[in-house]
Every structure is written in C-alpha cells, then in structure tokens.
Amino acid sequence: DACVSCGANIVLSKLPIGDLATQYFADRGMFCAGRVEDGDIKRVAKATGGTVQTSTNGLSDGILGTCGGFEERQVGDERFNVFTECPVSQTSTIVLRGGSEQFIAESERSIHDA
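First, a word on what this report is: a plain description of the structure on this page. (Residues numbered from 1 in each chain as written. Predicted model: local features only at pLDDT ≥ 70, side-chain atom pairs only at ≥ 80, totals over all residues. Heavy atoms only, no water.)

Turning next to the pairing of strand β3 (residues 69-75). One ladder, built from 7 bridges, connects β3 with strand β4 (residues 78-84); its direction is antiparallel. Directly across from Glu72, in β4, lies its bridge partner Asn81. Between the end of β3 and the start of β4, which pair antiparallel, lie 2 residues, with Gly76 showing a positive phi angle near 65°. (Pairing = 2+ DSSP bridges. Helix = DSSP H or I, 4+ residues; strand = E, 2+ residues; numbered from the N terminus.)

Written out as structure tokens, the structure reads:
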C-alpha cells in the first residue's frame, strides 16, 4: 500500500516480486519488475532523479524519479524496460546482439575504447 499511496507508477526491486504482488500492482495501473540488477537500479535512479530505497517505510513523492515515457520492449528472447525523456539523463544503453560471443566481446571492447 505504501508504494501505491506515495504516487509511484513503476516499482523496481532487486528481490523477486511474487504473482500476488504483481497482480496487486497491475490492478492499480502500476508496473513492477523483480530481480533487477543493482547496477541497473542505480542507473535508472540516476537518470530519473529518484532515490533507491531499502524499505517501504517513509515513502514520499520527494524520493520518486520522473521520466517522460516508459515501455517494455522485447528484443529477441529478452525483455527490456526502456525509460525515455529522463530529466537527468547522463546515461544511455546500447543493446549488442550478434552471432557469437567473440563478436559481442569485440564490439563491447570497441565501444569502451571509443
């Protein structure tokens, strides 16, 4: 109830979110994702201006981040949560796909070298 009453529309968690909780959020028009990696949560918080919370106690609209748009996109076999028009966006994501791990590793090294 604390997540809903603070005004959040999207909830990301490092821990798994059960089916009952997922349905609870969906019934209230909210998106939730569990098992999100720590680095991804920190990147989203930085881009949206939000604050990572360790508890649902004391939630307020002051800790919430904002973005202009959100959608879940399917790329191949994987789903990605895409946040757009973030006010503090100093981050971006590049999705690399290729025929072999060697190609992907070489592409990643090239991006880091650039």
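Back to the text.
With that out of the way, let us pick up a nonpolar patch on the surface. On the surface, a nonpolar cluster with roughly 260 Å² of combined accessible area is contributed by Ile94, Leu96 and Ile111. The residue Ile94 is located in the loop between β4 and α4 (101-113) in this model. (Patch = residues over 30% accessible without salt bridge, like charges linked within 9 Å, V, L, I, M, F, W, Y side chains within 5 Å. Areas by Shrake-Rupley, 256 points an atom, 1.4 Å probe, with all protein chains shown as cover. Salt bridge = Lys/Arg side-chain N within 4 Å of Asp/Glu carboxyl O.)

We note that Arg35 has phi near 60°; this positive angle belongs to a residue other than glycine. On the basis of relative accessible area, Arg35 is assigned to the exposed category, the value being 65%. For Glu85, which is not glycine, the phi torsion reads 55° and is therefore positive. Inspection of the secondary structure assignment puts Glu85 in the loop between β4 and α4. (Buried < 20%, exposed > 50% of the residue type's maximum accessible area, 1.4 Å probe, protein only.)

Turning our attention to the nonpolar core. By size, the foremost hydrophobic cluster in this structure holds 7 residues: Cys3, Cys6, Ala8, Val11, Phe25, Met30 and Cys32. In contact with Phe25, not counting residues within four places along its chain, are Cys3, Val11, Met30 and Cys32. (Core = buried A, V, L, I, M, F, W, Y, C linked by side-chain atoms within 4.5 Å. Contact = heavy atoms within 4.5 Å.)

Okay, the layout of surface pockets next. If you add up the space inside the largest pocket, you get close to 1,200 Å³. Lining the largest pocket we find 33 residues, and of these Asp40, Arg79, Phe80, Asn81 and Thr93 sit closest to its centre. At the level of secondary structure, the elements contributing two or more residues to the lining of the largest pocket comprise β2 (31-33), α3 (38-48), β3 and β4. For the lining of the largest pocket, the element with the highest residue contribution is β4, accounting for 7 residues. For the lining of the largest pocket, the class distribution of residues is 14 nonpolar, 8 polar and 11 charged. In this structure, the second largest pocket spans a volume of roughly 980 Å³. (1 Å grid on protein atoms, 1.4 Å probe; cavity = no way out; pocket = protein on both sides within 12 Å on 5 of 7 lines; lining within 4 Å. Points joined across faces, edges and corners; volume = space filled by probe spheres on them. Nonpolar A, V, L, I, M, F, W, Y, C, P; charged D, E, K, R; others polar.)

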